[in-house]
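Descriptive structure summary
Residues per chain are reported as follows:
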Amino acid sequence: MTAAGIARLAGVGRAAVSNWRRRHADFPKPVGGTETSPSFALADVERWLRAQGKLAEVPLRERVWQHVAGHPAGAVTALLHAGCALLLVRDRPSGWLELSAVSDERLAELLPAALDEVLTLRLGTDRTVPTPRPAELAPSVPLLRSATELAAGAGARQAFEFLLGRHLDANPRQYTLTPPGPASLMAELAAPAATVPAATVLDPACGTGALLRAVPGPAALYAQETDRDLAALTALRLALQSGAEVRARAGDALRADAFGQLAADAVLCHPPFNERNWGHEELAYDPRWEYGFPARTESELAWVQHALARLRPGGTAVLLMPPAAASRRSGRRIRADLLRRGALRAVVALPAGAAPPYGVPLHLWVLRKPVAGAPASPELLLVDTSEHTDAGRDKLDWPAVHTAVLDAWTPFDKHGTVTERPGAHRSVPVIELLDDDVDLAPARHLPPPAAAGGAEELAGVRDRLTAVLRRTGELTPPPARTSPHPGPARLPGVTVGELARTGALELLTGSGTATGPVAVLTEQDVLAGRPPSGTLPEGGGDEPVLVRAGDVVVPVLGGGSIARVADAATEGAALGRNLQLLRPDPAALDPWFLAGFLRGTANNRQASSYASTATRLDVRRLQLPRLPLAEQQRYGERFRALAEFEEALRLAGRLGERLVRGMYDGLTDGTVEA
């Protein structure tokens, strides 16, 4: 295991592990890795941590992951073996119980036959997941036993999601992930109706299978991926997800289409962007180019036509596209033919930060394979959702994005038109788009929204600002006076670490890598004093830490002195990354007293460490004065009043910015009289 794994095991930062290595001569010696990134034996680390009183017991999830990370054949092989065993546990639990009763050597000999049977049944004979041989399984047996033990408590699917999620987190540059927000939206757009799910769904560039996992109740899932190992992991992931028939193949879908005869109900795809080596030379006469031969620079339009070729008549395809594909001159003829024949039904502009690359506002293209003899649709739906973001990843209001898109798409899909909403959506006659550019970027064809809702809304904002300013004046603290008595800074102090060891408070760290429909309190939320706005990323990580009212949340990066007491609006949210949560025992500590003293500038300076590019706060080193609970509560009331004053200032600032922006917009577009 690496230093990062040791830190996760002990619940500390990596800097603490480095300090242990320098200060303790008996710290375990490296058994592998490099000089700058050494690796250690899990058993040695566990013994040392327990002897130092820094660890009571290695969690089962951590132990299983260390089996994966340290597998002699590599993490991917370990994940494949674990996935096969978990599929056996899911589909034939009694069979696994019988097999697991024998010795490790005997289990490695007997398991291949059972795995081959269940893999063939779920993934077919021509599958990407090979049946492991006894010699290959032998080093994996301890992993399989611990993984199935984890599945007994969490479930087979959840156990595999956790392991795969850890692997994806450890290799962020190796995989392009489609986040849950756009994946679920694409799956909803592809369904023929809200109550009739698509029965057969294809993803020809499936990656980790995020899009196919979002499909509700499918009968069959077809997946193709260039990377053979990733195709195999995705096949197991989809098979563990549901009882649908799963067919996954390895290979480039443009050059070597594995499902050439398929007529799917729906196609979902997040294709690779800006690929010049997509097969332009060898595929010049391919029958899939029904709408025109894509230029070398238009690989995305090749994927669009591939998706249409694999649909049944009337089937729907939804592709995540770069915005340039809607306006590049090299693709205008294909775009024009897609419009004339009614194949392209909608273009949706997503906010920046929706999916990688996160700095680009991507588009969704909704296509439908024309039915022979049916007239082409005379209109194209254009939707712009850029208003639903604060500009940046993990800040998108995905429920609002879903609602905005589906509120436009549902009536348009049913009636072929939709009532225009300025700045949000419009059904545009195809004839208006068939000019020299065939530019389909939604923002260029949508009328601008009314400035801040017009003069009436601006008047309402002004009234709210006036009321908040009045309230801010009431909350302004009284003049500060010098105290004649010794202050709490001169009293005996105690660190947060000491309070945690004595049980006066519990110290928890946010991971933000679990699954489930729960909002996430992000670092930016705490700094801005706003409600939880994040979402849990794809993959199965550690179970989230859920915030309770009265918890104190502290950002650990950036060097700022911020501590926030969670209220009812924050309760139930998951704790995000780069945050630590202090859960005080109400019989020993007042939360407002705790948060107030944690915000002291001198306190933060002595508890911070500095690197070349960032400042990190060691929460355990923050200090509090030793005071009786009644005295704590007296200080706590003052700190609570300061927090209320601070929130009023924030609200006044937001309302003032909104009023100023609305006035500028109203005066410039004529909706407000000069």
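Each remark here, short or long, concerns the structure printed above.
The sections below set out a description of the structure shown in this document. Remember, predicted model here, so these are calculated numbers, not experimental data.

**Thoughts on the sheet that holds strand β11 (residues 425-429)**
Pairing in this open sheet of 9 strands is mixed, and the strands run β5-β4-β3-β6-β7-β9-β8-β10-β11 from one edge to the other. Edge positions in the sheet fall to β5 (245-250) and β11, since each of these pairs with one other strand and no more. Along the sheet, successive strands turn relative to each other by an average axial angle of 15 degrees, direction set aside. Of the strand pairs in this sheet, strand β4 (residues 220-225) and β5 are connected by 6 bridges, and their pairing is parallel.

**Some words on the pairing of strand β16 (residues 552-555)**
Residues V552 and V554 line one face of β16 and the alternating positions V553 and P555 line the opposite face, and both faces are buried. Of the strand pairs in this sheet, β16 and strand β17 (residues 564-565) are connected by 2 bridges, and their pairing is antiparallel. Residue pairing in the sheet places V552 in a bridge with V565 of β17. As paired strands, β16 and strand β19 (residues 579-584) are joined by 4 bridges and run antiparallel to one another. What sits directly across from P555, in β19, is L579.

**Some thoughts on the nonpolar core**
Buried together is how nonpolar side chains tend to be arranged in soluble globular proteins. Core analysis: the largest hydrophobic core is formed by 88 residues, its most contacted members being L111, L185, L189, L268, L350 and L364. Counting residues per element, this core draws most heavily on helix α5 (residues 75-91), which supplies 11 residues. Inspection of this core shows a minimum of three residues originating in each of domain 1 (3-170) and domain 2 (180-190 + 198-378). If near-sequence neighbours (up to four positions away) are discounted, L111 is found in contact with L88, W96, L99, L137 and L144.

**Quick notes on the pattern of salt bridges**
Inspection of every chain in the model, using the stated rule, returns 40 salt bridges. Note that D437 and R329 form a salt bridge whose closest N and O atoms lie 2.7 Å from each other. Of this pair, D437 sits in the loop between α17 (430-433) and α18 (455-475) while R329 sits in the loop between β7 (311-321) and α15 (332-340), and the two are 108 residues apart along the sequence. Note on D437: relative accessible area 37%, which makes it partly exposed. Taken together, the shared-partner salt bridges connect R599, E646, E647, R650 and R654 into one network.

Criteria and thresholds
- Residues numbered from 1 in each chain as written.
- Predicted model: local features only at pLDDT ≥ 70, side-chain atom pairs only at ≥ 80, totals over all residues.
- Heavy atoms only, no water.
- Pairing = 2+ DSSP bridges.
- Helix = DSSP H or I, 4+ residues; strand = E, 2+ residues; numbered from the N terminus.
- Axes fitted to C-alpha atoms, helices over the stretch in contact; angles between N-to-C directions.
- Buried < 20%, exposed > 50% of the residue type's maximum accessible area, 1.4 Å probe, protein only.
- Core = buried A, V, L, I, M, F, W, Y, C linked by side-chain atoms within 4.5 Å.
- Domains from an automatic or database assignment.
- Contact = heavy atoms within 4.5 Å.
- Salt bridge = Lys/Arg side-chain N within 4 Å of Asp/Glu carboxyl O.

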